[in-house]
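Structural overview
The residues making up each chain are set out below.
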Amino acid sequence: DSGSVTASPRQQDTEYLCPVQIGSPAQTLPLDFDTGSSDLWVFSTDTPRSEVNGQTVYDASSSSSAKRLSGATWKISYGDGSSSSGIVYLDTVTVGGLTVSRQAVEAAKQVSSSFSRDTSSSGLLGLAFSSINTVSPNQQKTFFDNAMPHLDAPLFTADLKHNADGRYNFGYIDKSAYTGSISYTPVDNSQGFWGFTATVDGTDVTGIADTGTTLIYLPDSIVTSYYSQVSGARYDSSNAGYIFPCGSSMPDFSFNVGGGGGGGGTVTVPGSYVNFAPTDQTGQTCFGGLQSDSSIGISIFGDIALKAAFVVFDGGNKQLGWAAK
Ligand SMILES: CCCC[C@H](NC(=O)[C@H](Cc1ccccc1)NC(=O)N1CCOCC1)C(=O)N[C@@H](CC1CCCCC1)C(O)(O)C(F)(F)C(=O)NC
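Summarised in this report is the structure supplied together with it. (Residues numbered from 1 in each chain as written. Predicted model: local features only at pLDDT ≥ 70, side-chain atom pairs only at ≥ 80, totals over all residues. Heavy atoms only, no water.)

The next thing to look at is the pairing of strand 6 (residues 83-95). With 12 of its 13 residues buried, strand 6 lies for the most part within the structure. Sheet topology note: the strand 2 (residues 15-22)/strand 6 ladder contains two bridges and is antiparallel. When the sheet's bridge partners are listed, Ile22 is paired in strand 6 with Val93. In the sheet, strand 5 (residues 67-77) pairs with strand 6 via seven bridges, with the strands oriented antiparallel. Each residue of the ladder has a partner; that of Ser77, found in strand 6, is Ser83. Hairpin connection between strand 5 and strand 6: a loop of five residues separates the two successive antiparallel strands, and Gly81 in this loop has a positive phi of roughly 90°. Bridge count between strand 6 and strand 7 (residues 98-111): 11 bridges; the pairing is antiparallel. Along strand 7, the bridge assignment pairs Val93 with Val100. Hairpin connection of strand 6 to strand 7: two residues between the antiparallel strands, including Gly96 at a positive phi of 55°. (Buried < 20%, exposed > 50% of the residue type's maximum accessible area, 1.4 Å probe, protein only. Helix = DSSP H or I, 4+ residues; strand = E, 2+ residues; numbered from the N terminus. Pairing = 2+ DSSP bridges.)

See the structure below:
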């Protein structure tokens, strides 16, 4: 089997949403595919009306294939302080033509305000490792884990784009989607993430490949030296990050993956991607797409990095592949 689904950017590439079919007859919800978590959760008819603000909701009661997973609950909190919790159904889930028949669909009974405010997203589809799924008492598998045994190849690929529709493919590598060769590097999934080591300016950086995080968060030393090349750039505590004049021409940002004997491959993030967005309506000052990880405790290669590459999340061999495109 295989699947292929469009990933559409929202609000200047802040997040990427994909249509997912749940239940019978199919209910299509736009979900944020997130390689940084492992819960498939959705706004539902169980979510308080006061917390629903235009989102499409899942109605288990109108799905003939839905079965309540009795006694099961879930509760998750994310790096940006957002959170959600609820109950669990098993139902049929289809992504880009790829179907999993008994997928844990986590229905929200509570969502934090930032989810309520994000009117375009109906929830998340977690693609990290099932070891960090939050369902209790019996932990559930991710859509990818459930699908893996049926896939032509035990992998999925992420091809996110700047201000344009990209794609997630399951079970195969589309050779027309990238240029040159794919450089592979081992994955450390001990914390449930797609952990890997890259080299930036000769310094090894261990971080995670995270489609659910908008920006890149790296060690202070790397971030400070990057912005030292941009006149007028400074760390601004009120914005909690590096800002600079919007007219600045930003240097490209490169990192090397799979640096072993073969020299590995280099991913180059265009400077224009690092000029993420204005901090206010005047458009004078802009917020950087590369920020420090010092308040997070982990380095994150988020969408700003991922949209500069074609990325292979290889669950079978526990490796990450990176290619230019
Ligand atoms: C600072 C460290 C990480 C922050 C990261 N969040 C983000 O990157 C959010 C994503 C978002 C997009 C649109 C609307 C609302 C939120 N964006 C964000 O904080 N910003 C602020 C800076 O400007 C850019 C947008 C995060 O928590 N990512 C989650 C998944 C998101 C949770 C909130 C909803 C969208 C998905 C994650 O799963 O990737 C995680 F790995 F970080 C995590 O927390 N795993 C448990």
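With that settled, consider the sheet that holds strand 20 (residues 285-288). Judged by pairing direction, the sheet is antiparallel, and its four strands sit side by side in the order 15-16-20-19 without closing on themselves. At either end of the open sheet lies a strand with only one pairing partner, and these are strand 15 (234-236) and strand 19 (275-278). Within the sheet, the average angular offset between the axes of one strand and its neighbour, ignoring direction, is 45°. Bridging between strand 16 (residues 241-245) and strand 20 involves three bridges; their strand directions are antiparallel. Bridging from a neighbouring strand, Ile243 pairs with Phe287 of strand 20. (Axes fitted to C-alpha atoms, helices over the stretch in contact; angles between N-to-C directions.)

A separate point is the layout of surface pockets. Roughly 1,300 Å³ of internal volume is contained in the largest pocket. In terms of lining residues, the largest pocket is bounded by 47 residues, among which Gly79, Asp80, Gly212, Thr213 and Thr214 are the most central. (1 Å grid on protein atoms, 1.4 Å probe; cavity = no way out; pocket = protein on both sides within 12 Å on 5 of 7 lines; lining within 4 Å. Points joined across faces, edges and corners; volume = space filled by probe spheres on them.)

It is worth spelling out the state of the cysteines at this point. By the definition in use, this model includes one disulfide. Disulfide pairing is shown between Cys246 and Cys286; the S-S distance is 2.1 Å. When the S-S torsion is 100°, as for the bridge of Cys246 with Cys286, the disulfide is right-handed. A residue pair is termed long-range when its members are at least 10 positions apart, and Cys246 in the loop between strand 16 and strand 17 (253-257) and Cys286 in strand 20 qualify at 40 residues. (Disulfide = S-S within 2.5 Å.)

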